[in-house]
Amino acid sequence: MRKSLSMQHVILTAVFFLLFSMVIGCGSEASLETQISGSWKRAQGDGTVEINLDKKPTSLVFDGKTYTATIDKVDKGNNNVHLKVATDNGTSEEWTLHQVWNDNGSSFKLAFRHNGTEETLVPAKQS
């Protein structure tokens, strides 16, 4: 009986440490907003996009012009960040940034949807 209780104690302790390490490991993953913030270049053509979604105030610098952006929705399941962006004429538009991971999951590009267009952005350090 005593051996059985001891074995249960060992198993419960191991399960606790396993669950604890899983919680700690998952908590250290960078948020989607942090992952996509930074300097990006168009995959085709010239131009840059500076994305700042991990610090306040959130903004995008698109071809040298700064746009104030508000995070409307983060869809982690589909790797999308939906933004409300203030335009020059005082209205707001929905712009979307979508992570497109490579086959082995080591890097990603961004599908950038804005003003009725979509273009691919690559990290500025890759171009």
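Rules of the game
Residues numbered from 1 in each chain as written. Predicted model: local features only at pLDDT ≥ 70, side-chain atom pairs only at ≥ 80, totals over all residues. Heavy atoms only, no water. Helix = DSSP H or I, 4+ residues; strand = E, 2+ residues; numbered from the N terminus. Buried < 20%, exposed > 50% of the residue type's maximum accessible area, 1.4 Å probe, protein only. Contact = heavy atoms within 4.5 Å. Areas by Shrake-Rupley, 256 points an atom, 1.4 Å probe, with all protein chains shown as cover. Pairing = 2+ DSSP bridges. Axes fitted to C-alpha atoms, helices over the stretch in contact; angles between N-to-C directions. Salt bridge = Lys/Arg side-chain N within 4 Å of Asp/Glu carboxyl O. Phe/Tyr/Trp six-rings, centres within 6.5 Å; stacked < 30°, edge-to-face > 60°. Lys NZ or Arg CZ within 6 Å of the ring centre and 35° of its normal. pLDDT = per-residue confidence, 0-100. Polar contact = N/O pair within 3.5 Å; in protein donor to acceptor, adjacent residues only side chain to side chain.

Looking now at the overall build of the protein chain. Helix and strand content of the protein chain: two helices and eight strands. Walking the protein chain from its N terminus toward its C terminus, one meets helices and strands in the order α-α-β-β-β-β-β-β-β-β. Counting every position in the protein chain, which comprises 127 residues, the buried fraction comes to 28%. Taking all contacts inside the protein chain whose residues are at least 6 apart in sequence as the whole, residues at least 24 apart take part in 28%. Here the protein chain has roughly 8600 Å² of accessible surface; of this, 55% comes from carbon and sulfur atoms.

All right, on to the sheet that holds strand β6 (residues 92–101) then. Taken in spatial order, the eight strands of this closed barrel run β1-β2-β3-β4-β5-β6-β7-β8, and their pairing is antiparallel. Mean inter-strand twist for the sheet, computed between neighbouring axes without regard to direction, equals 30°. The pairing of strand β3 (residues 59–62) with strand β4 (residues 65–75) spans four bridges and is classified as antiparallel. By the bridge assignment, Ser59 is partnered in β4 with Thr68.

Applying the stated rule across the entire model yields four salt bridges. With a shortest N-O distance of 3.1 Å, Glu118 and Arg113 are connected by a salt bridge. Taking relative accessible area as the criterion, Glu118 reaches 52% and is therefore assigned exposed.

Quick look at the packing of aromatic side chains now. Applying the stated criterion across every chain, the model contains seven aromatic pairs. Aromatic pair Phe62 and Tyr67: ring centres 6.5 Å apart, planes at 55°, arrangement tilted. Pair check on accessibility: Phe62 and Tyr67 agree, each one buried. Through a chain of ring-to-ring contacts, three or more aromatic side chains come together here, namely Phe62, Tyr67, Trp95 and Phe112. Over the face of the ring belonging to Tyr67 we find Lys65, whose NZ or CZ atom lies 5.2 Å from the ring centre.

Turning next to the confidence of the model for the protein chain. Chain-level statistics for the protein chain give a pLDDT mean of 84 and a share of 78% at 70 or above. For residues 18–28, every residue scores under 50 in pLDDT, and the model assigns this stretch zero contacts once sequence neighbours within four places are set aside.

Another aspect to go through is the side chain of Gln99. Considering the arrangement of structural elements, one finds Gln99 in strand β6. When its relative accessible area of 3% is taken as the criterion, Gln99 is described as buried. In terms of polar contacts, Gln99 uses its side chain to reach the side chain of Trp101, at 3.2 Å. Filtering out sequence-adjacent residues up to four positions away, Gln99 remains in contact with Leu32, Gln35, Ile36, Asn79, Phe108, Lys109 and Leu110.

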